[in-house]
Amino acid sequence: MSLRDRLEILADAAKYDASCASSGTAKKNSLGGKGIGSTEGMGICHAYAPDGRCISLLKILLTNHCIFDCHYCINRKSSNVRRARFTPQEVADLTLNFYKRNYIEGLFLSSGIIKSSNHTMEQLVECARILRDEYDFRGYIHLKTIPEADPELIHQAGLYADRVSINVELPTRKGLTRLAPDKDETQIEGAMGKTKARIIEAKDERKRFKHAPRFAPAGQSTQMIVGADDANDADIVGRASGLYKGFGLRRVYYSAFSPIPDASAVLPLKRPPLMREHRLYQSDWLMRFYGYAPQEVAQATDKNGNLPLDIDPKLAWALKFRDQFPLDVNRASKEQLLRVPGLGTVAVQRILRARRHRTLRLDDVAKLTQSIAKVRPFLVALDWRPTTLTDRADLRSLLAPKEEQLELF
Amino acid sequence: MRAQRASMQNVSLGAHYVVHMPQPDDFAYWRERARALIQCDVPPDRVSWVEPGGTGDLFAEGGPPRRTRRLPSPGKDAREVRVPRRFLRLARNAILHSDQTRFAQLYLLLWKLQSNPRIMEDKADPNVRRIEELDKSVRRDSHKMHAFVRFREVRDESGADHYVAWFEPDHHIVRANAGFFMRRFANMNWSILTPRGCLHWDGTTMRESGPARREDAPQGDPVEELWKSYYSSIFNPARLKVGAMLAEMPKKYWKNMPEAKLIPDLIAGAQAREAGMVAAGAREAKERPATLDAIAAGVSACRDCPIAECGKRGVMGEGAETAPLMIVGEQPGDQEDLQGRPFVGPAGQLLDEYLAQVGIDRNAAYVTNAVKHFKYVQRGKRRIHQSPTAKEIDTCRWWLEAEREVVKPRIVLALGASAARGLLGKTVSVSRARGTPIPLEGGAELWVTAHPSYLLRLDGEARETQAELFARDLTSVKARLDALPA
């Protein structure tokens, strides 16, 4: 098979991995080196695909042969997809060729399990080693690590890569046993715990010794598949927050289970709406940047434990706890303002700065926010008091985005 | 006051000054001149700023170039001009904008800052907002340059690799971004050609040259084909979001990006590709039947795997509808296919013998198979049994799960590895799994043992050993059955 055919198969197989981030790593450049590559903090999206997702990294599998049989995965052993494999050298050359033409920020390499977990992990590490040691490549490398592999190999991966990730795959242990029978939650979490310890250790060493080796400076992340098992949003949010706390993860990615060719028969009857993934990301943001506790996000869910699809979780929470509003925009604390639906972190920052100079009127707030209509019912300003609005029974329908009336055709 | 008076000495009252910028992006030059003018208290409406080739000087239009008044120079004791750090940061960037009024706008803001040092915080001031807009669009343009420059490889005269790109920036950002590309491609020979000037790096020095035309850039690169393959493969047709793509990659950039030529076809083909993906997984959309009759009808109509075309019929399970024990075999054999009932052939007879021996009543159990059709190859008149593949077992698992949901057995006995796979979704070894129950979802427990046909294939001592193990497994199941609370 030609290089191009294999690239098509192995890129196609990698598209179900959500992450393509290249940000948040240590600054480095190729001045004074032999090779090329730089990372300057901010990630760069070199292209966008028509699915709206950014293409920042060359995201491929080393091989899609796999001895595991996870039902949601297109590359599982019992699936009839076309198989292909790259050698580590081929991936390294491809990465460099793309990088030299400024197509990408670096490499995101993952793999199906061939022969054994250790063998596969060795191949992944070998590819990173060729790039770093032989080509002196200083761009971004994200390695997917295999929890069952020898900790020493995972350690090496972290020394070469900017970011390492281990997928928890499913939000519940039950789901994992059912859909990924060869994987084991204890093993996954054990590997994450070890990686966390190594990251902290390396950071500490660098404080004391200037030339101590870096270990995964962009941290570790994970991915969860949403909608393949019966876990509800409250379960997922709880699990994600446990992962953030327990393993110091930089990101938890959600991937809505999407129909895969050659799907296994034990998968759910329906695929989840794409909006569900979006709502989960929003709740993720609420926890990371807006000071919501996971229990509070869970309070925004409906009786089945799922977040509403028609309105965002922050609005859902505010509608449930109306006694907290309206807030005086001139007096409320930062933490309180962050809870107002429609106010983002930037708008809150602007309000805090502006109110040092003057007492804000509704007009002033309008200049500082995206949409005054959305925040108005929840705020009191110098010349504005939403007396009746917050008590209205139909407030939700007033604020939820309108369904578009379709045109006759 | 004294300092001001001193500076005023150098200014002619009512005079108008014109500053000719040597480069459209020369911040240092603008800063020097602007500082001197502020020190001499020249108000914004008395200064014109002209960029090279520009028409910023209203008085200079047409006619011979007017003799410009020499700029005032502040005295030695002129006061210091101070600005917030944020102004400097914004001004450095905003000056790269292609808006011809940018120098004047910046000077106006600098002038206002002298009387109101906190004006930068006032987001309502139109001047501040304009400068912020300029800064923002320049930052965006720079970011897009980092992202969308596409190099093409050429061999130069000395045989060395040279990477050349053609890019069309909106603003005067080329020189300001030289450092980024130098740090990134430090050990590569590259050139970036733009209509606003070019950059050339040979691994040690940066050289600048005048504006270039698109024709000056090379026209293609074999690696582009690989990149295009990657671009179309990584795109997931099941989630088309064209708006999100256009917001970040506006059409004006497309003409210089090789992959962008694929976009129209990718969008047009997306629905068909997604439909294909859904059809391949169409199974998911079906409701699971809730009665044994409905399952039987479904099984005989099922064509989800190639085995369905083999054999005469799909063989459904049989037995008590609420049996505490479910016995699962591999697949119907020749006799089963002919008679349409499970476990009636030689293996079935052997199973019956053993069941009777340990005291399990077959009629009180539900007997079925992991795969519902007979898979065989024709050899002369005989139909020779073929083992189902893992894929076939998994496809048929749908029906087995449906049966298990209806019958709700407390104990499930899997005969052979295929049956175990049908129940667990993964392959287990019979010799390792036998003897201890495995909990199944829904609370039932699974016992795994060999398939009776395995015993039929053995001889002598091996058969005796295996038969003993088989009988022992059945005895354990019987014991568990008896121990079940009524």
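Everything discussed here concerns the structure shown above.
1. Notes on the overall build of chain A
Then comes step 1: Regarding its fold elements, chain A presents 15 helices and 10 strands.
Then comes step 2: Compactness check: chain A gives a C-alpha radius of gyration of 24 Å against a globular reference of 22 Å for 409 residues, within 12% of the reference.
Then comes step 3: By its C-alpha atoms, chain A is 70 × 55 × 50 Å across when sized along the principal axes.
Then comes step 4: Looking at chain A as a whole, 59% of its 409 residues are labelled buried.
Then comes step 5: Here chain A displays about 17,100 Å² of accessible surface, and carbon together with sulfur accounts for 51% of that area.
Then comes step 6: Taking the 63 positively charged and 49 negatively charged side chains of chain A as two groups, their mean positions are separated by 5 Å.

2. Structural notes on the pattern of salt bridges
Then comes step 1: Applying the stated criterion across every chain yields a total of 60 salt bridges over all chains.
Then comes step 2: Among the ionic pairs, R4(A) bridges to E8(A), the shortest N-O distance being 3.9 Å. Residue R4(A) and its partner E8(A) are located together in helix α1 (residues 3–12), separated by four residues, close to a single helical turn.
Then comes step 3: Classification of E8(A) as partly exposed rests on a relative accessible area of 28%.
Then comes step 4: In this structure, R480(B) and E445(B) form a salt bridge, with 2.7 Å as the shortest nitrogen-oxygen distance. A residue pair is termed long-range when its members are at least 10 positions apart, and R480(B) in helix α17 (residues 460–483) and E445(B) in strand β15 (residues 445–449) qualify at 35 residues.
Then comes step 5: Judged by its relative accessible area of 33%, R480(B) falls in the partly exposed class.
Then comes step 6: Its relative accessible area of 16% is what places E445(B) among the buried residues.

3. Regarding the interface of chain B and chain A
Then comes step 1: Tallying the contact residues gives 76 residues for chain B and 74 residues for chain A.
Then comes step 2: Linking chain B with chain A are five salt bridges.
Then comes step 3: Measuring nitrogen to oxygen at the nearest pair gives 2.6 Å for the salt bridge that ties E40(A) to R183(B).
Then comes step 4: Counting the contacts that link chain B with chain A gives 26 residue pairs in polar contact (both at pLDDT 80 or more).
Then comes step 5: Elements supplying a minimum of two residues to the side of chain B that touches chain A: α5 (126–148), β3 (151–155), α6 (178–184), α7 (223–234), α8 (242–248), α9 (263–280) and α13 (390–407) of chain B.
Then comes step 6: Counted by class, the side of chain B that touches chain A contains 37 nonpolar, nine polar and 30 charged residues.

4. Considering the packing of aromatic side chains
Then comes step 1: The tally for this structure, following the rule as stated, stands at 25 aromatic pairs over all chains.
Then comes step 2: Measuring from ring centre to ring centre gives 6.4 Å for F167(B) and Y253(B), while their planes differ by 15 degrees; the resulting arrangement is stacked. Here F167(B), found in the loop between β4 (161–166) and α6, pairs with Y253(B), found in the loop between α8 and α9; they are 86 residues apart in sequence, far enough to count as distant.
Then comes step 3: Here Y354(B) and F470(B) contribute two aromatic rings whose centre-to-centre distance is 5.1 Å and whose plane-to-plane angle is 85 degrees, an arrangement assigned as edge-to-face. In this pair, Y354(B) sits in helix α12 (residues 346–358) while F470(B) sits in helix α17, placing the two residues 116 residues apart along the sequence. Exposure class is identical for Y354(B) and F470(B). Each is buried.
Then comes step 4: Taken together, the ring pairs in this structure connect Y99(A), F137(A), F151(B), F180(B), F181(B), F185(B) and W190(B) into an aromatic cluster.
Then comes step 5: A cation sits over an aromatic face here: R288(A) above W285(A), 4.9 Å from the ring centre.
Then comes step 6: The ring centre of Y376(B) lies 4.9 Å from the NZ or CZ of R383(B), which sits over that ring.

5. Topic: α13(B)
All names here are of chain B.
Then comes step 1: End to end, α13 covers 24 Å across 18 residues, agreeing with the expected 26 Å (1.5 Å per residue, within 8%).
Then comes step 2: Approximately 40 degrees is the largest bend angle found in α13, and it occurs at R397.
Then comes step 3: For α13, the tally of buried residues reaches 16 of 18 residues, placing the bulk of the element in the interior.
Then comes step 4: Trailing α13 by a residue or two, K408 shows a phi angle of about 50 degrees, which is positive.

6. What to know about the state of the cysteines
By definition, a disulfide is the covalent link that joins the sulfur atoms of two cysteine residues.
All names here are of chain A.
Then comes step 1: Counted under the stated rule, the structure contains one disulfide over all chains.
Then comes step 2: Each sulfur in the disulfide pair C45 and C54 lies 2.5 Å from the other. Every disulfide takes its handedness from the sign of the S-S torsion; for C45 and C54 that torsion is -85 degrees, giving left-handed.
Then comes step 3: What makes C45 partly exposed here is its relative accessible area of 21%.
Then comes step 4: The partly exposed category is assigned to C54, whose relative accessible area is 21%.

What counts, and where the lines are drawn
- As a convention, each chain's residues are numbered from 1 in the sequence order in which they are written.
- The naming scheme follows written order: chains are lettered A onward, ligands numbered 1 onward.
- Thresholds applied to this predicted model are a pLDDT of at least 70 for local features of residues and 80 or more for the giving and counting of side-chain atom pairs; totals over whole chains, interfaces and linings are not thresholded and use all residues.
- As a rule here, side-chain values come from all non-hydrogen atoms in the structure, and water together with hydrogens is ignored.
- The secondary structure listing takes helices from DSSP runs of H or I that are at least 4 residues long and strands from runs of E that are at least 2 residues long, numbered from the N terminus.
- Values of the radius of gyration come from C-alpha atoms, whereas the globule rule sets the reference at 2.2 Å times the count of residues to the power 0.38.
- A 1.4 Å probe rolled over the protein chains alone gives each residue an accessible area, and that area as a share of the maximum for its type sets the label: buried under 20%, exposed over 50%, partly exposed in between.
- Only the protein chains shown count as cover for residues, with accessible areas throughout obtained via the Shrake-Rupley method and a probe of 1.4 Å.
- Positive charges come from Lys and Arg, negative ones from Asp and Glu, while His and the chain ends are left out of the count.
- A charged residue contributes its charge at one atom only: NZ of Lys, CZ of Arg, CG of Asp or CD of Glu.
- Salt bridge criterion: a side-chain nitrogen from Lys or Arg within 4 Å of a carboxyl oxygen from Asp or Glu.
- When checking whether two residues touch, look at their non-hydrogen atoms; a contact exists if any pair is within 4.5 Å.
- A 3.5 Å cut-off defines polar contacts: any pair of N or O atoms within that distance qualifies, except that in protein one atom must be a possible hydrogen donor and the other a possible acceptor, and neighbouring residues in sequence count only when both atoms are side-chain atoms.
- Lys, Arg, Asp and Glu make up the charged group, whereas Ala, Val, Leu, Ile, Met, Phe, Trp, Tyr, Cys and Pro make up the nonpolar group; the residues left over, Gly among them, are polar.
- Pairing of aromatic rings covers Phe, Tyr and Trp, the last through its six-membered ring, and needs centres within 6.5 Å; plane angles under 30 degrees mean stacked, over 60 mean edge-to-face, and all others mean tilted.
- Put simply, a charge is over a ring when the Lys NZ or the Arg CZ is close to the ring centre, within 6 Å, and near the line of the ring normal, within 35 degrees.
- For a helix, the expected span equals 1.5 Å multiplied by the number of residues minus one.
- Fitting axes to the seven residues that end at a residue and to the seven that start at it, the angle between those axes gives the bend at that residue.
- Disulfide assignment relies on a single distance test, namely cysteine sulfur atoms paired within 2.5 Å.

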